[in-house]
Structures are given as C-alpha cells and as structure tokens.
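The lines below spell out each chain.
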Amino acid sequence: MKRYSVFAVAREALRNHMGWERAWRSPAPKVRYDAIIVGAGGHGLATAYYLGKNHGIRNVAILEKGWLGGGNTGRNTTIIRSNYLQDSSAAIYEKARSLYETLSQDLNYNVMFSPRGVMMLAQTQHEIRGYKRTAHANALQGVETEFIGPGRVKELCPIIHIDGPRYPVLGALWQPRGGTARHDAVAWGYARACSDMGMDIIQQCEVTAVHQADGKVTGVSTTKGEIACDRLGIVVAGHSGVLANMAGFRLPIESLCLQALVSEPIKPCMDVVVMANTVHGYMSQSDKGDMVIGGGTDGFNNYTQRGSFHHIEETVRALIETFPMISRLKMLRQWGGIVDMTGDRSPIISKTPLGNTYINCGWGTGGFKAIPGSGWAMADLMAKGEPGPLAEEFSMYRFREGKFIDESVAAGVAH
Amino acid sequence: MSTRLARGGRLINRRKAVTVTFNGRNYKGFEGDTLASALLANDQMLVGRSFKYHRPRGIVASGAEEPNGLVNLGQGGGFEPNARVTTTEVFEGLTAESQNHWPSLEFDVGAINTALSRFLPAGFYYKMFLHPRSFWKHVYEPFIRQSAGLGQAPKARDQDTYEQFNAHVDVLVVGGGLAGLQAALTAGQSGLRVLLIEQSAHWGGRAAVDDPLIDGTPAEFWIKTAVQRLAALPNVRLRTRTMGAGVYDHGYALAHERLTDHAPEAGKPRHRLWRIRAGKIVTATGMIERPLSFAGNDIPGVMLASAVRDYAVDFGVSIGDRTVVVTNNDDAYRTAMVLHQAGLIVPAIIDARVQADGALVRAARDLGIRVETGRAIARVKGGKRVTGVTICAHAGEGSGLEDIACDAVAMSGGWSPVVHLWSHCGGKLIWDEGLAMFRPDATRPPTGADGAGFVFPVGGANGMLRTADVLTDAVAVGASVSGQAAGDVPVAVDSEQGAILPVWLMPQGATLKLRQKMWLDYQNDVKVSDVQLAAREGYESVEHAKRYTTLGMATDQGKLSNINGLAVLSGAINTPIPQVGTTTFRPPYTPISMGAIAGVARGDLFQPVRKTPIHGWHEASGAEFEPVGLWRRPYAFLQGHESAHEAVNREVLNVRRNVGLLDASTLGKLIVKGPDAGRFLDMLYTNVMSTLPVGKCRYGLMCNENGFLIDDGVVVRMAEDTWLCHTTTGGADRIHAHMEDWLQCEWWDWKVYVANVTEQYAQIAVVGPNARKVLEKLDGMDVTKEVLPFMTSADGTLGGIAARVFRISFSGELSYEIAVPASQGRAFWDACLAAGAEFGIQPYGTECLHVLRAEKGFIMIGDETDGTVIPQDLNLGWAISKKKSDYLGKRGQERSHMVDPKRWKLVGLETVDGSVIPDGAYAVGTGTNANGQKNTQGRVTSTYFSPTLGKGIAMGLVERGPERMGEVIPFTKGNGTTVDVRIVDQVFYDKAGAKQDG
C-alpha cells in the first residue's frame, strides 16, 4: 500500500493524481476463509482489522449486502465520548475513544478525530445529581470528565441560551477529550487497512443462509455463491435479528428508526458538542459548517430508514430553546438509520448458540463512538473463542441472569 | 454585460421601482423581480464564492435549483444566511451581502485555493494532516473550519414568528404548472377535497415562457382561466409560495409556505409549515435543466439555457450582449430565438449532435442564427466573467477550431424530472434511454397501508416533454386519483422536438486538462476529474463517490449536479447508468426554516409549565422553583436575604417543631375502578391491594417486568370497586401509560378503567406536631387519632371546603394530606395558612421534603432507584407479598443476579467528621478490575445536611451493607481524595415512629 502523506499528495499532484491506488480491492470471494465477518460497517471492518493486527488472522472476508460503511456508520451524528456510568460501558467506550486518538496515524487515513469536547447539560436538580455521580464514577474508571457550572458552559459554547425560561442550564458534565470524527473516513480507513492486509471486502454480497454441521458454523450462502469458513462474526446492526434467524437463534433486539438532520453550512460558531437530555436534543457543527442534529427514535419497530416527522419537530423545538440562533437556519436534509436496541440499551458482544459463531450488535443509538473498541473486543472474542475483559459483561445471556448494563441514569435520550 | 431590456418582463411592474442593497451598493429593480433578476439587470453577475476553491460564482439558474447565488439576507433579528437569490422576491429596503470571501467579493484571498487546486483534489484531507497528531485539533482543523461554511451564523434572536397548519385532503397536488393546474382541475371536478400548492409566487410554471398554444389561446391566458376555474371550486384550495417539502409514510406530506418573506410585515408569521394528510399525492413538480460539462463551465456568465430565457421573458433581463448557446437537444434553440427576437446577438448555437433538423432547429436557422452541429465547447475563456469560447469537434479531444467572443453562454444538457417527492417514501426510478433521464417507474410507487401506491407523478415530473403529453397525462392522473373517467384534454400545440444526444463530457474525448476544469457541483467545487479520481481509488458506489467528493452535498443537494456526476461515474467504472443508480433523495426538497419546523412551540409555549392551583401564591411568596417533569415546584421559600440553604434549614426545623404546609398537588392521582380492579392492582404492585379495607391506605411498590422498582406511593381504597393510586410527580403520566399498556395489550379482557385525575384535585400536606391543631381550627371533620388513625382516609369538609383527608406521612411527623377540588385549592391553602398562623405554620419546598424524608430513612424514586434497583435492595421486602403467585417483576427478581448476596443494599451513611458526603460519591473498594478501573463497593444515593441533627446524613447502596453496620469505608470526594464514612442505620430520626403515629 502506498502511504498517504502530504508528500504523496504533492507528488501525485504533479502527475495529475493518476498514480493513486485503489483504497481497497474489489475481489471475487474465495472458496474458504478462516473467518467471515458479515457486515462491512465500522464495527465489522474494525473487527476484521484487529483480527489481523492483534491476532494475525488475515485470511478474512468481510461480506456486505450494500456498500461498505453505508449503514449506521454513514448515518450517525459522529459524536465520540466515553463518559458512561457503568464500569463495563466506560471500559469499552474509553478503549474506543483512546483508539480514536491515534486512529488516523494507525490507519494512515485521516479520520479527522476532533477532541473538541462534549458536554451534557444538566437542566434539573435530578440531572445535576446524576452527572455528579457519573463524574465520580468516571474518575475511578480512568475517564477524564468534570462537572462544570453554567458560567463555564457559556464560555465553552457562547451560542447556548443559559437562562432559558423553561429549563435554565444548571451545569454540565464535560468530557474535554470527547469530540467527533469523520464517519465515512472511519469505515474507509479501516477498509483500506484490511484490504492492505490481504483481507477481501466483498460488497453487493448478501448473505442468504448460514450453514452448520455438528453445532458449528461451516459457511454461508451469498448472492455471490457459497463461502466456507471456520469462524463467523455477525456485525450487522439493524438486521441482526435477520442474520441470527439464519443461524438458528433469537436475539433480544428491537430494530427502530433513529433520525438525524443537518442545517445548511454556516461559518464556525460552535466548537464543542452539546447534548441536552432534558429537552431531548444534541448538536455539533461539522468541519463543513453544517449544524449536525440528532433526533429521536420512532415508537414502533421498522426497517424503513425514514422515520416520522414529528420527532424532527420535537428535536428542533428543543434545540431552538437551547440555541435560539438556529431558528433562522434552514434544515438541509433529514435521514434515518435502523438502530438495534437491546432491553438495557447496551450492546451485545457474545458467543451464540451456534459454535464458532459470534455476534456484535445492540449498539442502539450510540455505536459510532464505540467502533474501535468494539472491533478490538470482538476480534479478541473471535480469535480466542472466549470473551476478554472488555466484552465479558456484554454477553447476550446476561438478560437471563438479570445482569443488565443499564445506562438510563446517565443518559435520558441517546447514548 | 447583463442589463434590463427596454421591453418585456411579464412578471415585473415597470411602474413600480424597488431599491435593494447588495454589498452596500444600491440597485434598482422592479416589483416582481427576484433578487437574482434585479442584480442581473444591473450587471451584477458575480454574486458569491465557491466553497472549496473560492472561485468566482455567478447566477446559473432561475429557480430553486440555484447552487451559486446564496447571500446573507437582512440584518439583526431578521438575518438569514444562505438565502437563494433566485427565489428571493425583492421589496423596498432589502439588504443582502455575498458570502464566503475575505476581504471582498471581487478580491478574495481564499481564491489562492484555485491556484493550489491541483494539490487539493477530492478527498485530499483524508490523505494529509496526519502528522503531528496534535496539529489536527489545534492547527489543521481550525484552518479548515474557518475556510469552510458559507453564510454567517445568525447573532441576534429571531424576531419573527412561525405557525403550522394541519390539513386533511383527498388529493394534494404539488406544483402549479400546467400539469398541476390541469390535474387539480380534473380531480377538483369530482368534489373531493383538493389542495394545490406552488413553490413560486406565480401559477403556470415555465409554460408562459415557452408559450405553447392551448385550446387555441396563449398559455398565459389558459393558465389565468384555469386558476379562475379552480378558485371557483369550493372544494379546492390554492396556495402559492408553498413548497412541497417532503412525502412520508401513510400519505403524510409536508409543505413550507413563505408568508411574509416577500413583504416583511411586523406581527405576521414569517413561515407556515403545512402538515398534510393526503389520500393521494400528485407530484406535478416539473423538470430541471442539466448543465453540460465543458471546461470553464463555472465561469460567471455561463448559465442554463432555460434560465437565460426565463430572465429575458419573465423579467426583461438580458444576460449578455452576445450569448453562445450550447446544447445536445432542441429545447435550447428556444433560448436562441428569444434572444434573437429581443435584438440580442447569438453568435452561434453549438450543438453536439451531428444531425439536428427538428422544427426548432429549422426555425432558428430560418432566423439566420448560425448553427454548428457536431461541435462542442472546448473551453470557456474569462475569469470573473465569460469573454469567449473556443469550439471544437464534439467527437474529439478538444483541439480548438475557432474562438468566438461572447459574454454569456447558455447551456442545456437535457432535462431531469423532479422526482424528489416521488422518491422520498420509496418510489423507484427507471432510466429512460431515449430521453436520457431518470423518471418515476409507475410499477414501483411508494405504497400505503393498503399496498397501493399513493404518489402519482404527472407531466414533466413524469418525464413528459411536450405540452400535449403533459396535459393528457394530467387529465388521466387527475381522473385516476379522483376515481373518474378521464374527460376532455385541452388541445395543445407546440413544436416537435428531435432526439437528445446524451452528453456527459464535452467534448467526449476531453483531455485530463480539460476535465480538471469541468465543474459538476459548482458550490462544493466538484469536477469531472474528481469523480474520476474517486472511481480510480475504488469509491465506486454512487454513495461513496458522493461522500468522497462531496458531490451533491451542497445546499442545492445536487439538483444540477447529481445526474451529471453519476453519469461520469458510470463512464469511469464502465457500468451502465441505471446500475450505478442515484443517491437517496431525502426531505426537504429545498431547505426549510428551523423556525417553521418548531412552529409556535417556543418560549413560554415550549413545553408549557403545568401549574397547580397554588402556583400563583408560590410565585408571589419568594419561591425558588425547580423543574420537576413539566411542573415547576417550589424548591424553597426564601425569606428576606436568606440563601436557599438557610431557607431549607429553617423550613425543616419549623416542620419538626411546629407545622409546615406543602403543595403536593403534583403527585399523580390515578383512579382504578372496576370488577377486576383489585386483581389488576395485585399484579401491578408487589404487595396485595385487593384485601385493603375501604377507607384504608397502603404504601405500594411498582416494578417493571425486569423486577426493577419504577414507582411508589400510597394506595387508598375508596369504595368496594375503586382504588386511588398515588404516584410520584414525575410518574403520573408514565404510570398511567404503564397501566393502560397492560390493560390494552395483555389483560384486555379485564374489566378495569383507569382515570388520571392528577389535575382535578389540589393536594396539600399539613405536616408537623401542630398539624392536627390546624385542621381542628379549620373545623368540619373529626381528625382525632381515634377516628382517623394512621394510614386511613376519610371524606368530609374542612373550613367549609369538601375534602378527602389521608392520614399518611412522608416526613416522620404527624401529617395529613388533604385533597380538595382543584377549583378550591387556593382557597384551602389560604385557609390553612390563616388557621395555622397561631401554630407557626410555614410553607416548605421540595428540598425540605427531601431532607425530612431522608432524616426518616424513606426512599425517593429517582434517588434511591435508578432503573437498576429492586425493592429487595432497599430493604423493602416487607412490602413484597410472599403469598401472591405473580406480580409484575416477580420472576425478574428471582434471577440469579438479583438474588446475588453481593448485591449493593441500602444503608444509612455518616461521615466520621460530620461533613456532608458529595452528591453521587462512590465507595472505593480495593484494587482494580480486569479493565484497570478502580473497584467500588457502593455509592451514595441521597445526601443532605440535616438541620435537625446538625450534621451530614446520607443513604447509600453498599455491598452487603446491612451486614456491615459500624464499618468505616472511604467515599470519593472529588479531586482524587476520599472521606471516611460509617455505615449506620438508615433511620436517623425518631426510630420508634412515635411522632408519625401521633
């Protein structure tokens, strides 16, 4: 792989950029792989990358029904934070966040991780107590957060209306090393690195059946033919239930549409990410200048990637109360993605009833921030057959024991 | 130069001049002008700078598809960034400023990016700025951000108001051109409710510009008649300046109406959002012309051929003195002829087709206009304005054959139906090879609940190019959506059109050097070479190519660039256009204001405050409020110069020594009634409610299916089949919904009604040793211990007001809660204050309430619980029935993790030094876990300063806590320090309960 650098760009500029290689190859599937990962989103690609990088397993195929990075990886609001309350959540999200810090250099692909800081506003006494609790927990977990007062909130984000008539801002949980990244670039960067390790990313290749013998997976049928494998990783977010069904088990997952929207681009006016959970809205400004806004999930299950407009109305109302200036901006585009929700709103990284078959799903409304940590933990599980400390608590069997990882205290809307 | 012609301009009123200001200079326009036509009439072609290279940008279109003409419009509270000049109607005093340049529009330092453009191809930032790592946040990103963005951020508060309409119609027709008017006419004759909306201020679309004969009359006359006929139909509503923004599931559609943008008027709403439920939706949204990709096609003065024609006919504006027309189809010949007839010079029509001899071509030739077939533009010359073109053979690589001097270029690459609304909700497209366009595939429409299609494209939006076809289609669709037989079709006569030649590169063998100058997306600076680079690098999916190059991601969302871009991609990866496909069309069609989306629900109307009948008294009496759900409850009542903390301490001591008064009206009050009500409550609560005697009260716990505690409160049996369930303030609506969920979805055969009467009653707690004296002074009921013992209820009157009295306590004191009709709430509150004056009565707030209950060791939902706590964790086993075979949560509480002896359980906590434990503190354990996190062994759930005891008190959940009484463990204090805390009994005050039972 030719490395990217300012010098490479300069060199290519002189030959009209005719010398760039493909970012990833587009091979035909082989007959057999050591491991197949279904789903070339961020989590699937990261899983493959760390299988190769950490465990030396490189005879890997990543199968994708559509185009890589085209699911929730390319539809989210790109927020990265790890200020979670429960230990197991904080561990994996902080692992992810810390991997993001050096991801551009690791992948030799600029994913534009921007640790501009994330603040979660406290607008009730109850929220103040909740966020103070999170700050105490984070300190013990090694996650750098701080509860800040309204004055500091205003200083960090001048466009916030601190003294709103309805819910004045009373403070915020501030994570200075949280931020955003360029979502597509995360998928592309991992894809390029995987392809460079010799892995095959096969797009437009839908899995139609999972084959097994003696309780173990043997391969899959796809729209591009039969492919055998020793290990299977299912990393398909909203369609997890469909794949689990092929593998012969059921999941405690609901699929819901989550919406987001962007404004037209304006000059920089907001340097941090703000989440306002009392009024249900969050916003940041992309490097392009759009205000990126997260909305709510529909109250019914579906696969449409569209969603109901009243959620957009509620979100915009909440944000106009918080940031009055956006009233005069215009909504440029709205969209939806299918999020896979578990009963406790925490993910599943788990062995399954089918031997040598592993599942990574349930990231719900907050998967993007977890991509590197999720891939790291899933690769560990697939390589060793047993979960490491990061994944251990996220077994799909926890619901039987009642061992939930509930973050509802820390986040009212989205996490 | 571009200028106002001496004659013409069907939309302007030359008798009424209007002055507008652009970049501080005054420009004269006429009523009816758009800001674009007014600027062009004054030779102001340069209106902005592009996003990435800061290239000079001129107006390229005449409608909603305009990618370049974006301005900062207005000032102060009326400021709007990124306003589109082509759809902004002028009014006296309009001010606008161009965007994205420094120091000025004419001289922009950022234009150096053009010189560097070879170093800044698509996706360059993914390959650069990698080292050193910290530079991204501190150096690279701030620089990139500063040069990105377009308009300025608004600074002042929005001065305008917005509103929303809900409309229910049988047929929604979007688009008031010929197709929309005719479809609405046909459908309207059925008597069905029809709503016809048009985004511009005028009916008829572009028909009057091309002026076909319809029923023997000019198009303009036919349009006028059609609007009159529609206006006469009582079942048809018409709205101009109303844009069909989006189509959603189940016939839901969104429209955005601009009420006063064209004539600002104080007191009137600016925009109105229409939320429409339509049985059927007809999309008569017309077509948009495509640019052609030739080198220099972004230089100001290069414009869509249709737009050149629109400006001449609609506004009497000529774009240039010498306009070269370049095309691959017949339609652009109309532009040449309009210009010729206006006395302007058309040096040549450059037609990529080798053969061109349709009626329009012949007509142009007959006028003496030079037509060059098989030719292309090799490059446009000029910087901030076109100065000429070099023509070449279209079949070649672009070797110049001839230079033609000109100051404008009118281009036409064919037409694309506006399929956005068709596609929003899943309508599919097919590629029409003959017409070189994606048009709706009628066999794959968006479908409603009945499986049938509910969106019907018509006319241009359905791929119809000729007027006669448009009207025939409109009659057919209008009849079909209203269930009638198609009636007469107006007879239309317009010119035959020859076949189009798809042209995606001009010339078709253009060299790389030329391709690097062919713009696809003018605003985002995406060129043909960029899409080709993306394809070479493997970004082959149309979505990858879009996201890698940012093609079509600008404010126009690719209305001009998407089809051209995907055609280039198709060529680059050698895959037919239909296989490449389009990117997803998403609402809104054009950007709509956030203000309109929010509507009236802002300020005081954003989540309006719920108010108890006593709220006004609180406001007048020094209350400091805190939001609790949608209510605001008094946190404390401040007297004189007291701090909130001092007020709370005073309130606590007064309750303990004298008597306090609490407005508890916000507590949820749910009446559960019916033959199965007892059975129902036995399932909902962990203890038994069905055996409660009439007139008695019982404290109950409610869990979810997982066993976690979700609410608590006192349940009262009011009659044999009627219970009153008190919930927490925040829980009223949630628990009501929870009950209905179970009744409607699971136990639908049980005979139970639930009514939420929270707001029907005011509830006032009279609390403290003197409480009984206050009630006795009020008089009317026997409230003695013998007649009304602890945990009972009675109806009667107090102070002449009908009252229901509950002898319950959440403070550990002698306490009554009295419910009176809401209308009497304030009167009763006043009566209590008057009666209690001699006994030292004082109101108290929520914080005092919290301290009182914490001193007594009572739990609070939301403090001791957080969705992960079961009643057993809180030592509430006594409130869990062992006899019942089932209740919600029972099975959940039996799971292995729930019965783990190591679960954290509720205990009292006191610091060794008497200080208050910080909110949210954790008890630190020994060592770290496998992830390197410090181990914990508990956490504080409620922590207060107790004025009664003069020290900090707390409750918390601690691993095996009840077994560890007296043990001292460290709690976090922040800043890495800890405080020593002793585990104690959770009841700090009146352990024997003598006061409460008093």
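Residues numbered from 1 in each chain as written. Chains lettered and ligands numbered in written order. Predicted model: local features only at pLDDT ≥ 70, side-chain atom pairs only at ≥ 80, totals over all residues. Heavy atoms only, no water.

A. Geometry of the packing of helix α2 (residues 42-55) of chain A against helix α7 (residues 183-196) of chain A. Residues and elements named next belong to chain A. Contact geometry of α2 with α7 gives a least axis separation of 9 Å together with a crossing angle of 35°. Where α2 crosses over α7, the two elements pack in a sense that is left-handed. Judged by residue contacts, Leu-45, Ala-46, Ala-48, Tyr-49 and Tyr-50 of α2 engage Ala-187, Tyr-190, Ala-191, Ala-193 and Cys-194 from α7. Taken together, the residues that form the contact of α2 with α7 break down as 10 nonpolar, no polar and no charged. (Axes fitted to C-alpha atoms, helices over the stretch in contact; angles between N-to-C directions. Helix = DSSP H or I, 4+ residues; strand = E, 2+ residues; numbered from the N terminus. Left-handed = near helix turned anticlockwise from the far one by under 90°. Contact = heavy atoms within 4.5 Å. Nonpolar A, V, L, I, M, F, W, Y, C, P; charged D, E, K, R; others polar.)

B. Structural detail: the domain arrangement of chain B. All names here are of chain B. Per the domain assignment, the segments making up chain B are domain 1 (3-114), domain 2 (162-287 + 417-486), domain 3 (291-411), domain 4 (668-759) and domain 5 (884-996). In this structure, domain 4 and domain 5 have C-alpha centres spaced 30 Å apart. At the junction of the two partners, domain 4 supplies 16 residues and domain 5 supplies nine residues. Our count for the contact surface shared by domain 4 and domain 5 stands at zero salt bridges. Counting every contact that joins domain 4 to domain 5 gives seven residue pairs in polar contact (both at pLDDT 80 or more). Taken together, the elements giving at least two residues each to the side of domain 4 that touches domain 5 come down to α21 (677-684) and α22 (732-746). (Domains from an automatic or database assignment. Salt bridge = Lys/Arg side-chain N within 4 Å of Asp/Glu carboxyl O. Polar contact = N/O pair within 3.5 Å; in protein donor to acceptor, adjacent residues only side chain to side chain.)

C. Geometry of unusual backbone geometry. All names here are of chain B. Cis peptide bonds are those with omega within 30 degrees of zero, and the linkage from Trp-102 to Pro-103 qualifies with 5°. By the element assignment, Pro-103 lies in the loop between β8 (95-98) and α2 (112-115). Here the bond from His-131 into Pro-132 is cis, since omega is -15°, no more than 30 degrees from zero. Considering the arrangement of structural elements, one finds Pro-132 in the loop between α3 (124-127) and α4 (135-147). Even without glycine at this site, Ala-436 takes up a positive phi of about 55°. Tracing the backbone through its elements, the reader meets Ala-436 in the loop between β28 (429-432) and β29 (437-440). Look at Arg-960: it is not a glycine, yet its phi comes out positive at around 50°.

D. Fine view of the domain arrangement of chain A. All names here are of chain A. If you check the domain split of chain A, you get domain 1 (27-82 + 84-109 + 183-252 + 344-401) and domain 2 (118-177 + 255-342). Taking only C-alpha atoms into account, the centre of domain 1 sits 28 Å from that of domain 2. Facing the 33 residues of domain 1 at the interface are 32 residues of domain 2. With both chains or domains summed, domain 1 and domain 2 bury close to 2,600 Å², and 53% of this area falls on carbon and sulfur atoms. Area buried by domain 1 at its contact with domain 2 is led by Arg-75, Thr-77 and Leu-85, which between them contribute 24% of it. Inspection of the region where domain 1 meets domain 2 yields one salt bridge. Of the charged contacts in the structure, one is a salt bridge between Glu-101 and Arg-177, with a shortest N-O distance of 2.7 Å. Among the secondary structure elements, those contributing two or more residues to the side of domain 1 that touches domain 2 are β3 (79-80), α3 (87-101), α8 (240-247) and α11 (398-401). (Buried area = accessible area lost by both parts, 1.4 Å probe.)

E. Structural detail: helix α20 (residues 644-657) of chain B. Residue and element names in this part refer to chain B. Over its 14 residues, α20 extends 20 Å from the first C-alpha to the last, a length consistent with the 20 Å expected when each residue adds 1.5 Å. Here α20 has its buried residues at Ala-647, Val-648, Asn-649, Arg-650, Glu-651, Val-652, Asn-654, Val-655 and Arg-656. Residues of α20 that are buried sit in contact with β36 (631-637), β37 (659-663), β43 (761-767), β47 (841-843), α25 (846-855) and β50 (934-946). (Expected span 1.5 Å × (residues − 1). Buried < 20%, exposed > 50% of the residue type's maximum accessible area, 1.4 Å probe, protein only.)

F. Focus on the sheet that holds strand β31 (residues 492-493) of chain B. Spatial strand order, β12-β11-β31 (chain B): three strands in an open sheet with antiparallel pairing. At either margin of the open sheet sits one strand with a lone partner, and together these are β12 (217-218) and β31 of chain B. (Pairing = 2+ DSSP bridges.)

G. Expanded view of the pairing of strand β51 (residues 951-959) of chain B. Residue and element names in this part refer to chain B. Among the nine residues of β51, seven are classified as buried, and the element is accordingly described as predominantly covered. The sheet contact formed by strand β48 (residues 904-911) and β51 spans six bridges and is antiparallel. Note that in β51 the partner of Trp-904 across the bridge is Glu-959. As defined by bridge partners, β50 adjoins β51 across eight bridges and the pair is classed as antiparallel. Residue pairing for β51: Val-940 is matched across the bridge by Gly-956.

H. Representation of the packing of aromatic side chains within the structure. All chains considered together, the criterion is met by 39 aromatic pairs over all chains. Taking the centre distance of 6.0 Å and the plane angle of 70° together, the rings of A:Tyr50 and A:Tyr190 count as edge-to-face. One end of the pair, A:Tyr50, is in helix α2; the other, A:Tyr190, is in helix α7, and 140 residues separate them in sequence. In this pair, the class of A:Tyr50 matches that of A:Tyr190, namely buried. With a centroid separation of 6.1 Å and an interplanar angle of 65°, the aromatic rings of B:Phe22 and B:Tyr27 are classed as edge-to-face. (Phe/Tyr/Trp six-rings, centres within 6.5 Å; stacked < 30°, edge-to-face > 60°.)

I. The arrangement of the pairing of β50(B) in detail. Residue and element names in this part refer to chain B. The element β50 is extensively covered by neighbouring structure, given that 10 of its 13 residues are classed as buried. Relative to β50, strand β49 (residues 922-928) is paired through four bridges, and the arrangement is antiparallel. Across the sheet, Ala-923 pairs through a bridge with Gly-938, a residue of β50. Adjacent in sequence and paired antiparallel, β49 and β50 are bridged by five residues, among which Gly-932 carries a positive phi angle near 80°. Counting the residues between successive antiparallel strands, the hairpin from β50 to β51 contains four residues, one of them, Gly-950, with a positive phi of roughly 70°.

J. A look at the pattern of salt bridges. Residue and element names in this part refer to chain A. Per the stated rule, a full pass over the model turns up 80 salt bridges over all chains. In this structure, Arg-97 and Glu-94 form a salt bridge, with 3.1 Å as the shortest nitrogen-oxygen distance. Of this pair, Arg-97 and Glu-94 both sit in helix α3, three residues apart, which is roughly one turn of that helix. With relative accessibility at 7%, the residue Arg-97 sits in the buried group.

K. Structural detail: the interface of chain B and chain A. Of the residues lining the interface, 122 residues belong to chain B; the matching set on chain A comes to 110 residues. Overall, the association of chain B and chain A removes approximately 10,300 Å² of surface from exposure, summing both partners, and the carbon and sulfur fraction of that is 53%. Close ionic contact of B:Glu141 with A:Arg116 constitutes a salt bridge, the shortest N to O distance being 2.8 Å. Applying the counting criterion to the chain B and chain A interface returns 71 residue pairs in polar contact (both at pLDDT 80 or more). In terms of residue count, the dominant contributor to the side of chain B that touches chain A is α4(B) (seven residues). Grouping the amino acids of the side of chain B that touches chain A by side-chain chemistry returns 51 nonpolar, 41 polar and 30 charged. With two bridges joining them, strand β16 (residues 330-342) of chain A and strand β34 (residues 592-593) of chain B adopt antiparallel strand pairing. Residue A:Met331 lies in a different strand from β34(B), and its bridge partner there is B:Ile592.

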